[in-house]
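Examining the three-dimensional arrangement
Each chain, written out:
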Amino acid sequence: QALCLNTAASQITLTGNTGSIVWQSSSTNVDANFADMSPSETGQSLLSGSIPTNVVGTMYYRAKVTSGVCSPVYTNIATVVVDPVTVAGTAVLTGTATICSGTTPPTITLSGYTGTILNWSSSSTLTGTYTVVPGTATPTISNTATAYYMATVKSGACSQATTTPILVTVSQAAVAGTIT
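Residues numbered from 1 in each chain as written. Predicted model: local features only at pLDDT ≥ 70, side-chain atom pairs only at ≥ 80, totals over all residues. Heavy atoms only, no water.

With that settled, the discussion passes to the pairing of strand S16 (residues 166-171). Every other side chain in a regular strand lies on the same face of the sheet, so the side chains alternate between the two faces. Across the two faces of S16 the burial differs, with Ile166, Val168 and Val170 buried and Leu167, Thr169 and Ser171 not buried at all. Pairing between strand S10 (residues 98-100) and S16: three bridges, direction parallel. Each bridged residue has a counterpart across the sheet, and for Thr98 the counterpart in S16 is Thr169. Of the strand pairs in this sheet, strand S14 (residues 147-154) and S16 are connected by three bridges, and their pairing is antiparallel. Bridge pairing in S16 places Tyr149 opposite Ile166. (Buried < 20%, exposed > 50% of the residue type's maximum accessible area, 1.4 Å probe, protein only. Helix = DSSP H or I, 4+ residues; strand = E, 2+ residues; numbered from the N terminus. Pairing = 2+ DSSP bridges.)

This is the structure we're talking about:
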């Protein structure tokens, strides 16, 4: 399971076993590090409330099955990954926000975000339709038209988030004209 921080997990269910069950967990997926869950989990299902989702990281779960005097056997591993909540961050402009058409545009980077940058997009108006632009770490900025730019970020299983748009204004180059 892949989950966002503080969202409910699905229960993990064991089928086809013979013997009594004790659920175990480990943060390292190393046999020696698996420990019986406390309070003791012994049902066919490891209930979702027993799977902590308030800590970011990966946990591994398995069942130890024992029948009479026979040695215990262990099931395959169920993995639960808890991802941090997505934080869009802040678009940071390096250079001037107003340029002359045809000159080198400023660069935009993202700071303070949690997750992966899915894309950058731009629109000619603040509330218009945004279209994906090339560049993931830093977007390609137009030096011919004024546009708003924003990033879309996503952390694992969490919802995506977008930054507040940042405006880059492109002034049209002056034309001297002809005196007659």
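And the narrative resumes.
With that settled, consider the environment of Met37. Along the chain, Met37 falls in the loop between strand S4 (35-36) and strand S5 (45-46). By relative accessible area, Met37 is classed as buried at 11%. For Met37 and Thr163, which are 126 residues apart along the polypeptide, the C-alpha to C-alpha distance reads 41 Å. Beyond its immediate sequence surroundings of up to four residues, Met37 is in contact with Trp23, Gln24, Ser25, Leu46, Ser50 and Tyr61. (Contact = heavy atoms within 4.5 Å.)

Another aspect to go through is the packing of aromatic side chains. By the definition in use, this model includes zero aromatic pairs. One cation-aromatic arrangement involves Arg62 over Tyr74; the distance from NZ or CZ to the ring centre is 4.1 Å. (Phe/Tyr/Trp six-rings, centres within 6.5 Å; stacked < 30°, edge-to-face > 60°. Lys NZ or Arg CZ within 6 Å of the ring centre and 35° of its normal.)

Following the sequence through the fold, Ser155 ends up in the loop between S14 and strand S15 (161-162). With relative accessibility at 4%, the residue Ser155 sits in the buried group. Of note is the side chain of Ser155, whose polar atom sits 2.6 Å from the backbone oxygen of Pro84. Residues in contact with Ser155, not counting those within four places in the same chain, are Asp83, Pro84, Val85, Thr86, Thr114 and Gly115. (Polar contact = N/O pair within 3.5 Å; in protein donor to acceptor, adjacent residues only side chain to side chain.)

All right, on to unusual backbone geometry then. Backbone geometry at Asn6 places phi at a positive 65 degrees, although glycine is not the residue there. Looking at the element boundaries, Asn6 is found in the loop between strand S1 (2-4) and strand S2 (12-13).

Attention now moves to the pattern of salt bridges. Within this structure, the stated rule accounts for two salt bridges. Of the charged contacts, one joins Asp31 and Arg62 as a salt bridge, the two residues approaching to 2.9 Å between their closest N and O atoms. Taken as a pair, Asp31 in the loop between strand S3 (20-26) and S4 and Arg62 in strand S6 (residues 57-66) lie far apart in primary sequence, 31 residues in all. Classification of Asp31 by relative accessible area gives exposed; the value is 58%. With relative accessibility at 6%, the residue Arg62 sits in the buried group. (Salt bridge = Lys/Arg side-chain N within 4 Å of Asp/Glu carboxyl O.)

Bringing the confidence of the model for the chain into the picture now. In this model, the chain carries a mean pLDDT of 94, and residues with pLDDT of at least 70 account for 100%. Per-element confidence in the chain is highest for S15, whose mean pLDDT is 98, and lowest for S5, whose mean pLDDT is 90. (pLDDT = per-residue confidence, 0-100.)

One pass over the full model with this rule turns up one disulfide. The disulfide partner of Cys4 is Cys158, and the S-S distance across this bridge is 2.0 Å. Taking the sign of the S-S torsion, 105 degrees for the link of Cys4 and Cys158, the bridge is right-handed. In this pair, Cys4 sits in strand S1 while Cys158 sits in the loop between S14 and S15, placing the two residues 154 residues apart along the sequence. (Disulfide = S-S within 2.5 Å.)

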